[in-house]
Amino acid sequence: DKSEMTSQLLFGDHFEILEKSEKWIFIRTAYDDYEGWIDYLQYAEIDQETYVHLHDLNAILGLSIDHPVIKMSTHEPLNLVAGSNLPFFKEGNFQINDVTYNLQEQPINPQKSNFNVEIEKASKFYLNSPYLWGGRSPFGIDCSGFTQIVFKQFGIRLKRDAYQQAEQGQLVDFLQEAKLGDLAFFDNEDGKITHVGIMLNSHKIIHASGRVKINRIDDQGIYNEELKCYTHNLRIIKRFN
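Report on the accompanying structure.

**Here we look at the overall build of the chain**
Thinking step 1. Scanning the chain from N- to C-terminus turns up four helices and 16 strands.
Thinking step 2. Reported as C-alpha extents along the three principal axes, the dimensions of the chain are approximately 55 × 40 × 30 Å.
Thinking step 3. A total of 241 residues make up the chain; the buried ones form 45% of that total.
Thinking step 4. Relative to all contacts within the chain whose residues are 6 or more apart in sequence, the contacts with residues 24 or more apart total 55%.
Thinking step 5. When the accessible surface of the chain is split by element, carbon and sulfur atoms take 47% of a total near 13,000 Å².

**Here we look at the layout of surface pockets**
Here the idea is plain: a probe the size of a water molecule rolls over the atoms and shows the empty space left.
Thinking step 1. Empty space within the second largest pocket amounts to approximately 330 Å³.
Thinking step 2. What lines the second largest pocket is a set of 16 residues, and nearest its centre among them are W133, S144, D161, A162 and T194.
Thinking step 3. Counting only elements with at least two residues in the lining of the second largest pocket, the list comes to helix 3 (143–152), helix 4 (162–165) and strand 12 (193–201).
Thinking step 4. Of the residues forming the lining of the second largest pocket, the biggest block, three residues, is contributed by strand 12.
Thinking step 5. Across the lining of the second largest pocket, the residue classes break down as eight nonpolar, five polar and three charged.

Here is what the cut-offs are and how they apply
- Every residue gets a number counted from 1 within its own chain, in the order that chain's sequence is written.
- Given that the model is predicted, a residue must reach a pLDDT of at least 70 before its local features are reported, and side-chain atom pairs must reach 80 or more before they are shown or counted; all residues, however, enter totals for whole chains, interfaces and linings.
- Computation of side-chain values: all heavy atoms of the structure, hydrogens and water removed.
- Runs of E in the DSSP output that reach at least two residues are strands. Runs of H or I that reach at least four are helices, and both are numbered from the N terminus.
- Only protein chains enter the accessibility calculation, which uses a 1.4 Å probe; a residue whose area is less than 20% of its type maximum is buried, one above 50% is exposed, and one in between is partly exposed.
- Whether two residues touch is decided by their heavy atoms; if any such pair falls within 4.5 Å, the residues are in contact.
- Residue-level accessible areas treat just the shown protein chains as cover; the underlying method is Shrake-Rupley with a 1.4 Å probe.
- Only protein atoms enter the 1 Å grid used here. Points where a 1.4 Å probe fits but cannot escape make up a cavity, open sets with protein on both sides within 12 Å along at least five of seven lines make up a pocket, and a residue lines them when an atom lies within 4 Å of a point.
- Grid points are joined across faces, edges and corners, and a volume is the space filled by probe spheres set on the points.
- Side-chain classes are defined by residue name, with Ala, Val, Leu, Ile, Met, Phe, Trp, Tyr, Cys and Pro counting as nonpolar, Asp, Glu, Lys and Arg as charged, and the others, Gly among them, as polar.

In short, the description is geometric, and any link to function would need to be established separately.
See below:
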């Protein structure tokens, strides 16, 4: 109970159980192979066939704070966040085991073909969301959680942490060649990559630092106008589309 949060599961995320204790479950997520402990009351077991089926994401919640979801058996509302998975979605309903839920809107079918047109809108949806270590929602999000959940809207799977994401994608040689949707990575004094953000163009970046915000970027790194100084040292830029 005293451990810091390292990441968050959203509704519909599926995972493999690696170990059980009296109160805790040690898991590995299917989406990004991230490992950690969760409370034993926070999940429902599924069979292997269902687990494999859920690898193919075909319906997730889009970019809105309000999603009218109802648990059909009790007519209770659920407040789900953008990026949540909707297992076995069909004609407005989705389900986990024998529990059925109803969604009064159309979900998103993640398409990489929409990336260039919609990536700016998707990233700006999270503007001013507060920074939260391990967070993956508009109510609290960290830098790599931000890039991961935004890219999920387009079916592009990123790993969980910034240094892991830096190992994906194609290298962009120069900042001047960066374009909308590229990811910029930043390192600390020891050379370890500790931060990531989404390029809006070759001189502006949107990233989670204190809150999700837009800053100027140059060859040295991110310049914070409020603090009148550079806050992050640019390391590399990667392209995913």
